[in-house]
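# Results of the structural survey
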Amino acid sequence: MLGVVAIAAIGLGAGALMSGGDDTDKDHSGTVASTASPGEGASAQPGEDPAKPQAEALDKLLADSNNSRSAVIGAVNNIKSCDKLDSAADDLHGAAKQRRDLVSRLKELKTDKLPDSAELASSLTTAWQASASADDHYAQWATQAKSGKVCKGGHPRRTQAAAEGDKSSGDATAAKNKASKLWNAIATKYGLTKRATTQL
């Protein structure tokens, strides 16, 4: 009997070592995706739906996709009132970088087992790239607004940069609408977080 207990203890110890080290991620769901890097988080356990760990890994990435939204809204509002223009430009450039980082991180994920995976990845990539472009255009508008020729009486004149920003923002919204529908179907199946267009 002691021998059986000892073998069981050894087995548990080995399992703990194979499960990985400290997990600094905010989501401690205990899945493979929560302890592995994005590119490694798509391995299913024996008997598990191979799409599930991929969905969980993508869910974590999407959780970061809305981080810069409030900063962008605040920056654009500042431009519209010709206020804190340097800060607005900085915030917008930072948001653009964050969107492009999301695209890079998405490329590292395995999503091939997910329903409509190619379409979902393409929609997210298009959305984030268009958002980054919009952020850059609005940042240019903020810089232009520092000129007295653009900002008069506390209201900026609409420039080509502002128009390009609006166009890119519209493109981003269209792509996010599509991505949101595709993702929410996956989220429903695996009990993950659904996300509206404005949360991507």
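Residues numbered from 1 in each chain as written. Predicted model: local features only at pLDDT ≥ 70, side-chain atom pairs only at ≥ 80, totals over all residues. Heavy atoms only, no water.

## Topic: the overall build of the protein chain
The number of helices and strands found in the protein chain is 7 helices and 2 strands. Along its sequence from the N terminus, the protein chain presents helices and strands in the succession α-α-α-α-α-α-β-β-α. Every one of the 200 residues in the protein chain was classed for burial, and the buried ones make up 38%. Taking as baseline every contact in the protein chain between residues at least 6 positions apart, the subset at least 24 positions apart corresponds to 68%. (Helix = DSSP H or I, 4+ residues; strand = E, 2+ residues; numbered from the N terminus. Buried < 20%, exposed > 50% of the residue type's maximum accessible area, 1.4 Å probe, protein only. Contact = heavy atoms within 4.5 Å.)

## A look at the packing of helix 3 (residues 51-63) against helix 6 (residues 117-145)
A pair of packed helices is captured by two measures, namely the crossing angle of their axes and the spacing between those axes. In the contact formed by helix 3 and helix 6, the axes pass within 14 Å of each other and the chain directions differ by 15 degrees. By the angle between their axes, helix 3 is roughly parallel relative to helix 6. At the point where helix 3 passes helix 6, the crossing takes the left-handed sense. Taking contact as the criterion, the partners of Leu58, Leu61 and Leu62 in helix 3 are, on helix 6, Leu120, Leu124 and Trp128. Across the contact of helix 3 with helix 6, the residue classes tally to 6 nonpolar, no polar and no charged. (Axes fitted to C-alpha atoms, helices over the stretch in contact; angles between N-to-C directions. Parallel < 35°, antiparallel > 145°, perpendicular 65-115°, else oblique. Left-handed = near helix turned anticlockwise from the far one by under 90°. Nonpolar A, V, L, I, M, F, W, Y, C, P; charged D, E, K, R; others polar.)

## A few points about the confidence of the model for the protein chain
Detailed reading of predicted coordinates is not advised where the pLDDT is low. With 77% of its residues at a pLDDT of 70 or more, the protein chain shows a mean pLDDT of 83. In this model, residues 1-41 is a region of pLDDT below 50 whose contacts with residues beyond four sequence positions or in other chains number 28 contacts. (pLDDT = per-residue confidence, 0-100.)

## Remarks on unusual backbone geometry
You will see that Cys82, though not glycine, has its phi angle at about 55 degrees, which is positive. Backbone geometry places Asp116, a non-glycine residue, at a positive phi of 50 degrees. Among the structural elements, Asp116 can be located in the loop between helix 5 (85-108) and helix 6.

## Side note on the nonpolar core
Grouped together as the largest cluster of nonpolar side chains are 22 residues, with contacts concentrated most on Leu58, Leu120, Leu124, Trp128 and Trp183. The set of elements that each furnish at least two residues to this core consists of helix 3, helix 5, helix 6 and helix 7 (160-190). Residues contacting Trp183, with those up to four places away along its chain left out, are Ala55, Leu58, Asp59, Leu62, Leu120, Leu192, Thr193, Lys194 and Arg195. Counting 19 residues, the second-largest nonpolar core is a separate cluster that includes Ile79, Ala88, Leu92 and Ala95. (Core = buried A, V, L, I, M, F, W, Y, C linked by side-chain atoms within 4.5 Å.)

## Comments concerning the pattern of salt bridges
All chains considered together, the criterion is met by 10 salt bridges. Lys113 is the salt-bridge partner of Asp112, the closest N and O atoms lying 3.9 Å from each other. (Salt bridge = Lys/Arg side-chain N within 4 Å of Asp/Glu carboxyl O.)

## Notes on helix 3
Between its first and last C-alpha atoms helix 3 spans 18 Å; for 13 residues at 1.5 Å apiece the expected length is 18 Å, and the two agree. Of all 13 residues in helix 3, 11 are buried, a share of seventy percent or more. Buried within helix 3 we find Ala51, Pro53, Gln54, Ala55, Glu56, Ala57, Leu58, Asp59, Lys60, Leu61 and Leu62. (Expected span 1.5 Å × (residues − 1).)

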